Amino acid sequence: MRVVIAGGHGKIAQLLHRELAGRGDTAVGLIRNPDHAAALRASGAHPVVCDLEHADAARVATHLDGADAVVFAAGAGPGSGAARKDTVDRAAAGLLADAAQRTGIRRYLLLSAMGVDTAPPAGTDDVFAAYLRAKKAAEDDLTARDLDWTVLRPGRLTDDPPTGRVTLTRHTDPGTVTRTDVARVLVALLYHPGSAGAVLELVTGNTPIADAVAAACAHP
């Protein structure tokens, strides 16, 4: 499988590159900063410089040639303001979907976040509230499209060693999950066609990843 990953220098994206490369798949990472190319190569990916905040769908589409799927794992990141939460976490996700539709790529995985279904609680930091709104808007845009989409909402991310055991369902209580387990779940979802049309929340749990994905895809 050839998979194009937006936000290719992110922590989860680099773990995803390694997981895909380990299976013999091809990972293509879209990055804004050419200085990050070496890190992508080290993680087993092919780097492509493409700034999703300043490209149009036609330009992005040129980098999707031959792809079987796309994954949106980009984010404005720590230290960015509310405006960039919108231009990256929302608008860039839509741009990738536009490009996928131009090139006939149906499979699209969106890495979202838990907590987007409800209004941010009173007192929530303005930038974090903007992040949640941007993620929900990206979900709403994607799920209205004629694509084989899957939305994954992980809980609070950690860099702990992976457990290989998760809770993956339409709704679950808040919790944490390791970034490596998120990457492994993304790969499992890519390989499970029954995950198309599912919005799934993910935290550390007791079920092996393969079993959790199979169960979630049987009852999306």
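Going by the structure above, here's the rest.
The structure contained in this document is the topic of the report that follows. (Residues numbered from 1 in each chain as written. Predicted model: local features only at pLDDT ≥ 70, side-chain atom pairs only at ≥ 80, totals over all residues. Heavy atoms only, no water.)

## A closer look at the sheet that holds strand β1 (residues 2-6)
Inference 1: Here nine strands make up an open sheet; going across it, the order is β3-β2-β1-β4-β5-β6-β10-β8-β11 and the pairing mixed. Looking along the sheet, the strands with just one partner apiece sit at the ends: β3 (45-49) and β11 (207-208).
Inference 2: Examined bridge by bridge, strand β8 (residues 165-169) and β11 share two bridges and lie antiparallel to one another. Of the residues in β11, the one forming a bridge with V166 is T207.
Inference 3: Lying over the sheet, helix α1 (residues 11-22) contacts β1, β2 (26-31), β3, β4 (69-72) and β5 (107-111), oriented at roughly 170° with respect to β1. (Pairing = 2+ DSSP bridges. Helix = DSSP H or I, 4+ residues; strand = E, 2+ residues; numbered from the N terminus. Contact = heavy atoms within 4.5 Å. Axes fitted to C-alpha atoms, helices over the stretch in contact; angles between N-to-C directions.)

## A word on the packing of aromatic side chains
Inference 1: Taken as a whole, this structure holds one aromatic pair when the rule is applied.
Inference 2: Sitting over the face of the ring of Y191, R23 holds its NZ or CZ atom 4.0 Å from the ring centroid. (Phe/Tyr/Trp six-rings, centres within 6.5 Å; stacked < 30°, edge-to-face > 60°. Lys NZ or Arg CZ within 6 Å of the ring centre and 35° of its normal.)

## As for the nonpolar core
Inference 1: Among the nonpolar cores identified, the biggest contains 35 residues, and I5, L152, L168 and V185 are the most heavily contacted of them.
Inference 2: In terms of residue count, helix α6 (residues 179-190) provides more of this core than any other element does, seven residues in total.
Inference 3: If we ignore the near neighbours within four places in the chain, the residues touching V185 are L152, V166, L168, L202, I209 and V213.
Inference 4: Core analysis: the second largest hydrophobic core is formed by 33 residues, A61, L64, A92 and A100 among them. (Core = buried A, V, L, I, M, F, W, Y, C linked by side-chain atoms within 4.5 Å. Buried < 20%, exposed > 50% of the residue type's maximum accessible area, 1.4 Å probe, protein only.)

## Describing the packing of α1 against α6
Inference 1: Where α1 contacts α6, the two axes come as close as 8 Å, and the packing angle between them is 55°. By the criterion of interaxial angle, the relationship of α1 to α6 is oblique. Judged by the sense of rotation from one axis to the other, the crossing of α1 with α6 is right-handed. Seen from α1, the contacting residues are K11, I12, L15, L16, E19 and L20; seen from α6, they are R179, T180, V182, A183, R184, L186, V187 and L190. (Parallel < 35°, antiparallel > 145°, perpendicular 65-115°, else oblique. Left-handed = near helix turned anticlockwise from the far one by under 90°.)

## With respect to the pattern of salt bridges
Inference 1: Under the criterion given, the structure shown has 15 salt bridges.
Inference 2: A salt bridge links R184 to E19, with the nearest nitrogen and oxygen atoms 3.0 Å apart. Taken together, the residues span a long stretch of sequence, with R184 in helix α6 and E19 in helix α1 at a distance of 165 residues.
Inference 3: Between K135 and D89 there is a salt bridge, with its nearest N and O atoms 3.3 Å apart. Linking K135 in helix α5 (residues 126-143) with D89 in helix α4 (residues 82-103), this pair joins segments that are 46 residues apart in sequence.
Inference 4: Judged by its relative accessible area of 1%, D89 falls in the buried class. (Salt bridge = Lys/Arg side-chain N within 4 Å of Asp/Glu carboxyl O.)

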